[in-house]
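Inside the fold
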Amino acid sequence: MSELKEELKKQLIEQLNLEDFEVSDIDDNDLLFGEDGLALDSIDALEIIVLLEKEYGIKVADPKQGKDIMTSVQTLADFIESKR
């Protein structure tokens, strides 16, 4: 699981052009959205959905589900693991 979380952090930094961040800057439980976290926006959410589909073959059809799984790197990793 820790490998998956590290991989996700690298993918998020690359996919979302988070040039000011290193993998070590992102805690597993940091909020991805909102001012208290990485401050991602709705465009970033769409990019994460594309990432999940492209890299892991997982489709997120329900927007409510997307909000729950995209809380943090930990919740993303838990979701991916549950779909494997």
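What you are looking at is a predicted structure, and each value in this text was computed from that prediction instead of being measured.

Cut-offs applied
Residues numbered from 1 in each chain as written. Predicted model: local features only at pLDDT ≥ 70, side-chain atom pairs only at ≥ 80, totals over all residues. Heavy atoms only, no water. Patch = residues over 30% accessible without salt bridge, like charges linked within 9 Å, V, L, I, M, F, W, Y side chains within 5 Å. Areas by Shrake-Rupley, 256 points an atom, 1.4 Å probe, with all protein chains shown as cover. Salt bridge = Lys/Arg side-chain N within 4 Å of Asp/Glu carboxyl O. Lys, Arg positive; Asp, Glu negative; His and termini not counted. Charge placed at Lys NZ, Arg CZ, Asp CG, Glu CD. Helix = DSSP H or I, 4+ residues; strand = E, 2+ residues; numbered from the N terminus. Buried < 20%, exposed > 50% of the residue type's maximum accessible area, 1.4 Å probe, protein only. Axes fitted to C-alpha atoms, helices over the stretch in contact; angles between N-to-C directions. Parallel < 35°, antiparallel > 145°, perpendicular 65-115°, else oblique. Left-handed = near helix turned anticlockwise from the far one by under 90°. Contact = heavy atoms within 4.5 Å. Nonpolar A, V, L, I, M, F, W, Y, C, P; charged D, E, K, R; others polar.

**Looking at a negative patch on the surface**
- Side chains of Glu3, Glu7, Glu14 and Glu55 sit close together on the surface and give a patch of like negative charge.
- The leading source of residues in the negative patch is helix 1 (residues 2–15), at three residues.
- Tracing the sequence through the fold places Glu7 in helix 1.

**So, the environment of Arg84**
- Its location among the elements puts Arg84 in the segment after helix 4 (73–83).
- When its relative accessible area of 63% is taken as the criterion, Arg84 is described as exposed.
- Expressed as a C-alpha distance, the spacing of Arg84 and Ile48, which sit 36 residues apart in the sequence, is 18 Å.

**Describing the packing of helix 1 against helix 2 (residues 42–56)**
- As a packed pair, helix 1 and helix 2 sit with axes 11 Å apart at the nearest point and diverge in direction by 125°. Comparing their axes, helix 2 and helix 1 come out oblique. Here helix 1 and helix 2 pass one another in a crossing that is right-handed. Together, Leu4, Glu7, Leu8, Gln11, Leu12 and Gln15 of helix 1 and Glu47, Ile48, Leu51, Lys54, Glu55 and Tyr56 of helix 2 make up the contact between the two elements.
- Looking at the contact of helix 1 with helix 2, its residues break down into six nonpolar, two polar and four charged.

Note that every value here comes from positions in space, so none of it alone points to a role or purpose.
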